[in-house]
Amino acid sequence: MPSVQELKPEELYRRCDPARLDFDTTTELQDLMQLFGQPRAVSSVEFGIGIGREGYNLFVMGPAGIGKHTLVKGQLAHKVAQQPRPSDWVYVNNFGEAFKPLALELPAGRGAALRDDMVQLVEELRGAIPAVFESDEYRARAGQLEAEFGERHEKAFSELGREAASQQIGLLRTPAGFTFAPLKDGEVLSAEDYAALPEEERARIERKISELQGKLENIIRNIVRWRKEQREHFKQLNREMTLFAVGHHVAELKERYGDLPRVLEYIEAVQQDVIAHAEDFIRAREAQAPAPLMSGEAPSFRRYQVNLIVDHGGRDGSLIVQEDHPTYQNLIGRVDHTSQFGTLMTDFTLIKPGALHRANGGYLLVDAYKLLTQPFAWEGLKRALTTRRIRIESLGEMYSLVSTVSLAPEPIPLEVKVILFGDRLIYYLLHAYDPDFRELFKVAADFEERFDRTPENDMLFARLVATVAREKKLAALDRAAVARVIERSARLAGDGRKLSANLQAMSDLLCEADYWAREGGRDRVSAADVERAVEAQHRRADRVRERMHEAILRGTVLIDTSGTRPGQINGLSVLQVGDYAFAAPTRITATTRLGEGRIIDVQREVELGGAIHSKGVLILSAFLAARFSVNRPHSLAASLVFEQTYGLVEGDSASLAELCALLSSLAEVPIRQSLAATGSVNQVGEVQAIGAVNEKIEGFFDICSMRGLTGEQGVLIPASNVEDLMLRTEVIEAVAAGRFHVYAVSHVDQAIGLLTGVPAGEPDAVGGFPAGTVNGRAAKRLRELSARRQQFVAAETGRARGRNRRKQ
């Protein structure tokens, strides 16, 4: 078995030598134009943006702060610079079916022109149409129509009157209408004179009056017909005059939009509607109410407006749309309503666009978590991408929640590239449980959380620091400060060979270092400023850590850092408080006794242990049985507990400490309490890597330092974690002075030998262990327990047989 490796100070921290950085301050460095260290993600983003096939939308995954948006927006900016601007879209009135507004597509910039042209057209018609109807020509033609009707009217009655007079009968006009009466010498006969006439004369008069009454009725019927003809002639005259007023204005529009057939159809429909409703313009002139067209006036004029919902004319970056609040309405669009006399009303001018409208022909950027947490938004987006159309529908009407007058706008064709940003968990869940997701988002860009720390990447990282400093107008950093930022990035990565891709954390650190430099009256950020910023970050977040340290130092939480105890060891637990992680020692105890091979994990029994922790305990049980009880019953019962822990314990990084505590209890060999151990183990006793190794070492160091370093304290870590070390300066100084130690172990036997000061013991050819070693003592104890168990079983068997004989 190789000897335990005690780490040297230079192995505890991978320093970035400022002398290797070829600059004095960051002002000498060029800006970094593209994110580095993400070749896989860059390739995926380029492919996802470049391919124009259906379903090749992009899901960009990775934790927050690693530059996903920066990279994607940079790639998109380069792409859209080479693309033509997409079309404008407007909604206009459907004069045939008003509840189905029409969607018109126009080249970029011409949507606003059409809107303004229609405003100008209506304004001109409001003056031109009334002027035509007030012209001398219109009055003359209207007077001619009236004269023609009057002439026909008078002629008919005159002829009837002359015919009646020839028969001594008069045609009289009364308030109730026309009537006939007998005449004598041109005067109407009185009732007495008429009664005095001979009966034959009266009969003749009545026959003539009856005949004349029939002719009068015919004339009246003709007058009604003539009136109808007159109205038709007036309508035709009005149409002609309106067309005269409208024609040249509309002709100009038709010429301007001659290359757009659907717009021409709409302009023609407007012309026909204006002609049919010319009286609206006349009434508006007579009412003398010249309110602006766009101020919500009479619906007869609103119907000629153009609702411009997408305008790509003269806008920068219009091809890239980022929707920060992706509700259903904000994505798909909506139809607003206005209240009129207590009733909700709407029309095509109240159609509002969504993000899909604005991004149509370009790119839509959405946060996946926000999208999924908004009701109906995800389903609405999938429906639009599947059908490749944007259909504005009211959720209230879809689910029969409201009953109002609404619209069914014509759907707009959709051609968009959607880019979702989210965590890996969201991507994998959607991929597993939503079949549509796999068809619609075929490209995944997976961002690395860290990248290799090489001399080349150190220089690129320095350029990135310089770029951020310039963008945020921070003071320049000298080379030592940049080196300290690089070292801090490696610490955040949890690996001395890597750099963290968390650009947000780096940016925050630069801003805070700049603050401390300016507070000190310096115009350049030094390594001391960066170090002070790091310490300030820790100080702001370490309240819980201080309270835990206080409890340990006061003896409320029992932790020994000196002396020896069998079956007791210092484990190391990591706690995460927001973005701040720290570690503290935890007492782990083990007891052993006669049993049937079961190890009781107290944490699991009370449901305070996670699945991974329980797995680690089962591995310990398998290791002990395989090492000591291959050919005999494993007659051991043991208990393991994390003392004074009242929350969930998860992870297997305490497996090494638990196994050493079991071996100590079983072999009855005390463990040095001046040491702490961390690491997981497998079934053959090999020590495996764990996470947060720096925090764990520092957590035990802090307690030992507060109590006073004796030169005996230290921490055992897996040998595979050595290259992850990026410890604080005070830990390294203590190790260099011999007042603290860090040991790297690769097998449990190395660990138990160091912890107890007793050799672990190598197995011989038949699997035995030397007497006096830890393994030898453990094997001897188990043999004794097995013998006692066999004696107990034999005694119980004898007593059972005796009871059976007595019963017989």
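Residues numbered from 1 in each chain as written. Predicted model: local features only at pLDDT ≥ 70, side-chain atom pairs only at ≥ 80, totals over all residues. Heavy atoms only, no water.

Brief notes about the environment of G610
Step number 1: Secondary-structure assignment places G610 in the loop between α22 (602-605) and α23 (611-628).
Step number 2: G610 sits 150 residues away from A760 along the chain, and the two C-alpha atoms are 31 Å apart.
Step number 3: Apart from residues no more than four positions distant in its own chain, G610 is found in contact with L648, V649 and E650. (Helix = DSSP H or I, 4+ residues; strand = E, 2+ residues; numbered from the N terminus. Contact = heavy atoms within 4.5 Å.)

Re helix α26 (residues 729-736)
Step number 1: Within α26, burial applies to V731, I732, A734 and V735. With its buried residues spanning 160° around the axis, α26 presents them on a single face.
Step number 2: Against the buried residues of α26 lie α25 (693-707) and β33 (741-745).
Step number 3: Looking at the residues trailing α26, positive phi occurs at G738, about 75°. (Buried < 20%, exposed > 50% of the residue type's maximum accessible area, 1.4 Å probe, protein only. Arc of directions from axis to C-beta.)

Digging into unusual backbone geometry
Step number 1: In this model, R388 sits at a positive phi of 60°, which is unusual for a non-glycine residue.
Step number 2: You can see R388 is positioned in the loop between α13 (377-387) and β15 (389-390).
Step number 3: Despite not being glycine, E668 shows a phi value in the positive range, around 55°.
Step number 4: Structurally, E668 is set in the loop between α24 (655-667) and β28 (670-672).
Step number 5: Owing to a relative accessible area of 56%, E668 belongs among the exposed residues under this scheme.

Points about the nonpolar core
Step number 1: If you look at the biggest cluster of nonpolar residues, it comprises 82 residues, and the most contacted ones within it are F461, L477, V485, M506, I697 and F740.
Step number 2: Listed in part, the 46 residues of the second largest apolar core include I599, L636, V748 and F769. (Core = buried A, V, L, I, M, F, W, Y, C linked by side-chain atoms within 4.5 Å.)

What about helix α7 (residues 261-276)?
Step number 1: If you check α7, its first and last C-alpha atoms are 23 Å apart, about what 16 residues at 1.5 Å a residue would give, namely 22 Å.
Step number 2: Those residues of α7 that fall on the buried side of the exposure criterion are V263, Y266, I267, V270, Q271, D273, V274 and I275. (Expected span 1.5 Å × (residues − 1).)

Notes on the pattern of salt bridges
Step number 1: Summed over all chains, the structure comprises 48 salt bridges.
Step number 2: For R424, the salt bridge goes to D446, with nearest N and O atoms at 2.8 Å. Linking R424 in helix α15 (residues 424-433) with D446 in strand β18 (residues 443-446), this pair joins segments that are 22 residues apart in sequence.
Step number 3: A salt bridge links R728 to E698; the shortest N-O distance between them is 3.5 Å. Here the residue R728 occupies a position in the loop between β32 (714-718) and α26, and E698 occupies one in helix α25, the gap between them amounting to 30 residues.
Step number 4: Assessed through its relative accessible area of 22%, R728 is described here as partly exposed.
Step number 5: On the basis of relative accessible area, E698 is assigned to the buried category, the value being 5%. (Salt bridge = Lys/Arg side-chain N within 4 Å of Asp/Glu carboxyl O.)

Quick word on a nonpolar patch on the surface
Step number 1: Taken together, L425, L429 and Y433 make up a surface patch of nonpolar side chains, about 380 Å² in accessible area.
Step number 2: Its location among the elements puts L429 in helix α15.
Step number 3: Relative accessible area serves as the criterion here: at 43%, L429 is assigned to the partly exposed category. (Patch = residues over 30% accessible without salt bridge, like charges linked within 9 Å, V, L, I, M, F, W, Y side chains within 5 Å. Areas by Shrake-Rupley, 256 points an atom, 1.4 Å probe, with all protein chains shown as cover.)

Thoughts on the pairing of strand β27 (residues 636-642)
Each regular strand displays side chains that alternate between the two surfaces of the sheet.
Step number 1: With seven of its seven residues buried, β27 lies for the most part within the structure.
Step number 2: Side-chain alternation along β27 places L636, A638, L640 and F642 on one buried face and A637, S639 and V641 on a second face that is also buried.
Step number 3: With seven bridges joining them, strand β25 (residues 580-594) and β27 adopt antiparallel strand pairing. For R593, the partnering residue across the bridge sits in β27 and is A637.
Step number 4: The pairing of strand β26 (residues 598-601) with β27 spans four bridges and is parallel. Residue pairing in the sheet places R598 in a bridge with A637 of β27. (Pairing = 2+ DSSP bridges.)

A look at the sheet that holds β18
Step number 1: Read from one edge of the open sheet, five strands run β9-β14-β17-β2-β18, paired in parallel fashion. Only two strands of the sheet have a single neighbouring strand rather than two, namely β9 (320-323) and β18. Across the sheet, the mean angle separating the axes of adjacent strands is 20° when strand polarity is ignored.
Step number 2: Bridge count between strand β2 (residues 58-61) and strand β17 (residues 417-422): four bridges; the pairing is parallel. Residue pairing in the sheet places V60 in a bridge with F421 of β17.
Step number 3: Packed onto the sheet, α15 meets β2, β17 and β18 and runs at close to 140° relative to β2. (Axes fitted to C-alpha atoms, helices over the stretch in contact; angles between N-to-C directions.)

With respect to the packing of α24 against helix α27 (residues 748-756)
Step number 1: Two elements in contact, α24 and α27, have axes separated by 10 Å at closest approach and are oriented at 60°. Classified by the angle between their axes, α24 and α27 sit oblique to one another. As α24 packs across α27, the resulting crossing turns out to be right-handed. Here L656, L659, C660, L663 and S664 of α24 lie close against α27, whose contacting residues are V748, A751, I752 and L755.
Step number 2: Broken down by class, the residue content of the contact of α24 with α27 amounts to eight nonpolar, one polar and no charged. (Parallel < 35°, antiparallel > 145°, perpendicular 65-115°, else oblique. Left-handed = near helix turned anticlockwise from the far one by under 90°. Nonpolar A, V, L, I, M, F, W, Y, C, P; charged D, E, K, R; others polar.)

Observations concerning the packing of α23 against α24
Step number 1: Remark: α23 packs on α24, axes separated minimally by 10 Å, with the N-to-C direction vectors making an angle of 40°. By the angle between their directions, the pair α23 and α24 is classed as oblique. Where α23 crosses over α24, the handedness of that crossing is right-handed. Taken together, the residues of α24 that come into contact with α23 (itself represented by H613, G616, V617, L620, F623, L624 and F628) are S655, E658, L659, L662 and L663.
Step number 2: Looking at the contact of α23 with α24 residue by residue, the class counts come to eight nonpolar, three polar and one charged.

Here's the deal with the confidence of the model for the protein
Step number 1: Per-residue pLDDT for the protein has a mean of 88; in total, 95% of the residues score no lower than 70.
Step number 2: In this model, residues 289-299 is a region of pLDDT below 50 whose contacts with residues beyond four sequence positions or in other chains number 16 contacts. (pLDDT = per-residue confidence, 0-100.)

Some thoughts on the sheet that holds strand β7 (residues 187-188)
Step number 1: Here three strands make up an open sheet; going across it, the order is β5-β6-β7 and the pairing antiparallel. Here the strands that pair on one side only, and so sit at the sheet edges, are β5 (169-174) and β7.

What about the packing of aromatic side chains?
Step number 1: Under the counting rule described, the total for this entry stands at 15 aromatic pairs.
Step number 2: Consider the rings of F95 and Y266, whose centres lie 6.3 Å apart with planes at 20°: the pair is stacked. With a gap of 171 residues between them, F95 in the loop between β3 (88-92) and β4 (102-106) and Y266 in helix α7 connect regions that are remote in the sequence.
Step number 3: What makes F95 partly exposed here is its relative accessible area of 22%.
Step number 4: Judged by its relative accessible area of 3%, Y266 falls in the buried class.
Step number 5: Judged by centre distance (5.5 Å) and plane angle (75°), the ring pair of Y427 and F437 falls under edge-to-face. A residue pair is termed long-range when its members are at least 10 positions apart, and Y427 in helix α15 and F437 in helix α16 (residues 435-440) qualify at ten residues. Just as Y427 is buried, F437 falls in that class too.
Step number 6: In this structure an aromatic cluster arises from ring pairing among F59, W378, Y427, Y428, F437 and F441. (Phe/Tyr/Trp six-rings, centres within 6.5 Å; stacked < 30°, edge-to-face > 60°.)

Some words on the side chain of D529
Step number 1: Take D529: it is sitting in helix α20 (residues 527-541).
Step number 2: In contact with D529, not counting residues within four places along its chain, are A513, W516, A517, R522 and R524.

Considerations on the state of the cysteines
Step number 1: Taken as a whole and judged by the stated rule, the model has zero disulfides.
Step number 2: Cysteine C704 remains unbridged, with the sulfur of C660 as its closest cysteine sulfur at 17 Å. (Disulfide = S-S within 2.5 Å.)

What to know about a positive patch on the surface
Step number 1: On the surface, a cluster of positive charge is made up of R227, K228, R231, K235 and R239.
Step number 2: Relative to the helices and strands, R227 resides in helix α6 (residues 199-256). (Lys, Arg positive; Asp, Glu negative; His and termini not counted. Charge placed at Lys NZ, Arg CZ, Asp CG, Glu CD.)

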